[in-house]
Each structure stands twice: as structure tokens, then as C-alpha cells.
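Listed here are the chains, written in short residue letters.
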Amino acid sequence: MSHASHFAIDVPDSLIQRAKRGDRQAFEQIYRWFERPIYTLGLRLCGQPAEAQEVLQDSMIKVMTRIGEFKGQSPFWGWLRQIAVNEALMRLRRSAKGFKEEDVYDSDLADNGTAMPPQAAEAAQMIEALQTLPAITRSVLWLYHVEGFTHEEIAGQMGKTPSFSKSQLSRGTRKLRDTLAIRPTTGTES
């Protein structure tokens, strides 16, 4: 299905403890390790470099001010990723291009598989195609395929239902196939 998140960086507990005590060098190390994954997440969800930079800055400020809340019951990277996802989704909600209800559900879409087409492996081509999608659809695709969130988790993050997430994934996959001129595989070859 999906591969490990780009956030899956093993952060030593000693570094986290130093950061909790206010050690600036510890925060700088955490920032350096997570700068690229947070920026990339912000860019893919929000679609604009300036927005991605804001997501990065807001996320890291929140990490610095709330690191004392991290209890270590799950990996640090998962806690930090959740902060970044929340920041990106809040930006989408506040933007004019954010979560609009119109044209969101497609009950007539057949489930033609949600796996990303193998022909779309060219990163630059895929990024261009992703940019053509509405922000909400692009966000669902990224959270599902890249970050490994389930439909239930995505729905919870967006305040929607799992069927909303599924329909956006199906819609986005179909639009990407159309944009990239890729025919869906049916399991039988002609």
C-alpha cells in the first residue's frame, strides 16, 4: 500500500529531553531533521511555496512551545507530523480555495482501484499533475498515499466522513490518470 512516511526519523530520547529543557541546539537539530518533510507536506497540501514555508514555521513554533506535552507514548515523528498536518489543514480551511462542499462527493464513481498508477513514477510529471487537482483532493491523496493515513484518520482530520476521503481518493486518482493519460489496469490484458 503506502511506504513509510518521510517523517519517520528516529529521534533519540536524549535529544527530546534536551529540547524539553529548552536547549537551543536540540531544537535546531530537530528543525534540521524535519524541515524538508514538513515543507514538502505543506507544499503538497497547500500548493504554494509561501504557504508551505508558513506551515513549516508555524509547525516548528508549535513544536517548540508544546514539546513538554510530548509524553513518548508514540514516536516523536508521529507527534510532530500530526502538528504539521493540522497546521496545513488549518491553512486550507482559512484560504479561499479551502474545503468547499461543492463537487466533493461522487457517488457515481466506480471503485476502479486507488493504487497510484505505476507509469506516474516520474516525480516532476506527478508533481505537475498533483498541482492541477483541487487542494482538498490533493491533500487526501498525499495523506493517504505518502503519509499512510487511513480513510478514517483523514476524515477525522478534515471533519468529514470516511466516504468523503474515499471519494476524494477515487476522484483524485481518476483525474491524475486523465491528466497523465494513463489507462487504469483491469487485471486482464487484451
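Here is what the cut-offs are and how they apply
Residues numbered from 1 in each chain as written. Predicted model: local features only at pLDDT ≥ 70, side-chain atom pairs only at ≥ 80, totals over all residues. Heavy atoms only, no water. Helix = DSSP H or I, 4+ residues; strand = E, 2+ residues; numbered from the N terminus. Buried < 20%, exposed > 50% of the residue type's maximum accessible area, 1.4 Å probe, protein only. Contact = heavy atoms within 4.5 Å. Areas by Shrake-Rupley, 256 points an atom, 1.4 Å probe, with all protein chains shown as cover. Core = buried A, V, L, I, M, F, W, Y, C linked by side-chain atoms within 4.5 Å. Polar contact = N/O pair within 3.5 Å; in protein donor to acceptor, adjacent residues only side chain to side chain. Salt bridge = Lys/Arg side-chain N within 4 Å of Asp/Glu carboxyl O. Axes fitted to C-alpha atoms, helices over the stretch in contact; angles between N-to-C directions. Parallel < 35°, antiparallel > 145°, perpendicular 65-115°, else oblique. Left-handed = near helix turned anticlockwise from the far one by under 90°. pLDDT = per-residue confidence, 0-100. Nonpolar A, V, L, I, M, F, W, Y, C, P; charged D, E, K, R; others polar. Phe/Tyr/Trp six-rings, centres within 6.5 Å; stacked < 30°, edge-to-face > 60°. Lys NZ or Arg CZ within 6 Å of the ring centre and 35° of its normal.

A. The arrangement of the overall build of the protein chain in detail. Helix and strand counts for the protein chain come out as 8 helices and 0 strands. Going residue by residue from the N terminus, the α and β elements of the protein chain occur as α-α-α-α-α-α-α-α. Each of the 190 residues in the protein chain was classed as buried or not, and the buried ones make up 43%. In the protein chain, 72% of the contacts between residues at least 6 apart in sequence involve partners at least 24 apart. For the protein chain, the exposed surface amounts to about 10400 Å²; the carbon and sulfur share of it is 50%.

B. Quick look at the nonpolar core. In this structure, Ile30, Ile38 and Phe76 are the most contacted members of the largest nonpolar core, which totals 46 residues. Of all the secondary structure elements, the ones that give two or more residues to this core are helix H1 (13–20), helix H2 (24–46), helix H3 (49–66), helix H4 (76–94), helix H5 (123–131), helix H6 (135–146), helix H7 (151–158) and helix H8 (162–179). Among the elements that line this core, the one with the most residues is H4, at 9 residues. Excluding its chain neighbours within four sequence positions, the residues that come into contact with Phe76 are Val11, Ile16, Ile30, Phe34, Val63, Ile67 and Phe70.

C. Geometry of the side chain of Thr137. Positionally, Thr137 belongs in helix H6. Exposure remark for Thr137: the relative accessible area of 1% places this residue in the buried category. Within polar-contact distance, the side chain of Thr137 engages the side chain of Gln168 at 2.5 Å.

D. Focus on the pattern of salt bridges. Across all of its chains, the model carries 6 salt bridges by this definition. One salt bridge in this structure joins Glu51 and Arg91, with 3.4 Å as the shortest N-O distance. One end of the pair, Glu51, is in helix H3; the other, Arg91, is in helix H4, and 40 residues separate them in sequence. The class for Glu51 is partly exposed, based on a relative accessible area of 26%. Classification of Arg91 by relative accessible area gives buried; the value is 15%.

E. Layout of the packing of H1 against H2. As a packed pair, H1 and H2 sit with axes 8 Å apart at the nearest point and diverge in direction by 125°. Our classification of the angle between H1 and H2 gives oblique. For the element pair H1 and H2, the recorded crossing hand is left-handed. Contacts between H1 and H2 involve Leu15, Arg18 and Ala19 from the former and Gln25, Ala26, Phe27, Gln29, Ile30 and Trp33 from the latter.

F. Here's a closer look at the confidence of the model for the protein chain. Confidence in the prediction for the protein chain averages 80 pLDDT; 77% of positions are at 70 or higher. Averaged pLDDT values for the elements of the protein chain fall to 71 in H5 and rise to 96 in H1. Taken together, the stretch residues 100–113 has pLDDT below 50 and engages in 24 contacts with residues farther than four places along the chain or on a different chain.

G. Structural view of the packing of H2 against H4. The contact between H2 and H4 brings their axes to 10 Å, and the two run at 35°. Of the two possible hands of crossing, H2 and H4 adopt the one that is right-handed. The segment H2 lies against H4, with Ile30, Phe34, Ile38, Leu41, Leu45 and Cys46 engaging Phe76, Trp77, Leu80, Ala84, Val85, Ala88, Leu89, Arg91 and Leu92. Here the contact of H2 with H4 is composed, by residue class, of 14 nonpolar, no polar and 1 charged.

H. Region of interest: the packing of aromatic side chains. Scanning the model with the defined rule gives 5 aromatic pairs in all. Geometrically, the ring pair formed by Phe70 and Phe76 is edge-to-face, given 5.2 Å between the ring centres and 90° between the ring planes. The residues Phe70 and Phe76 share a single accessibility class, namely buried. With centroids separated by 5.5 Å and ring planes inclined at 50°, the aromatic side chains of Phe70 and Trp79 adopt a geometry described as tilted. Accessibility assignment for this pair places Phe70 and Trp79 in one class, buried. Linked through ring pairs, Phe7, Phe34, Phe70, Phe76 and Trp79 together constitute an aromatic cluster. Cation over ring: Lys160 sits above Phe164, and NZ or CZ is 5.5 Å from the ring centre.

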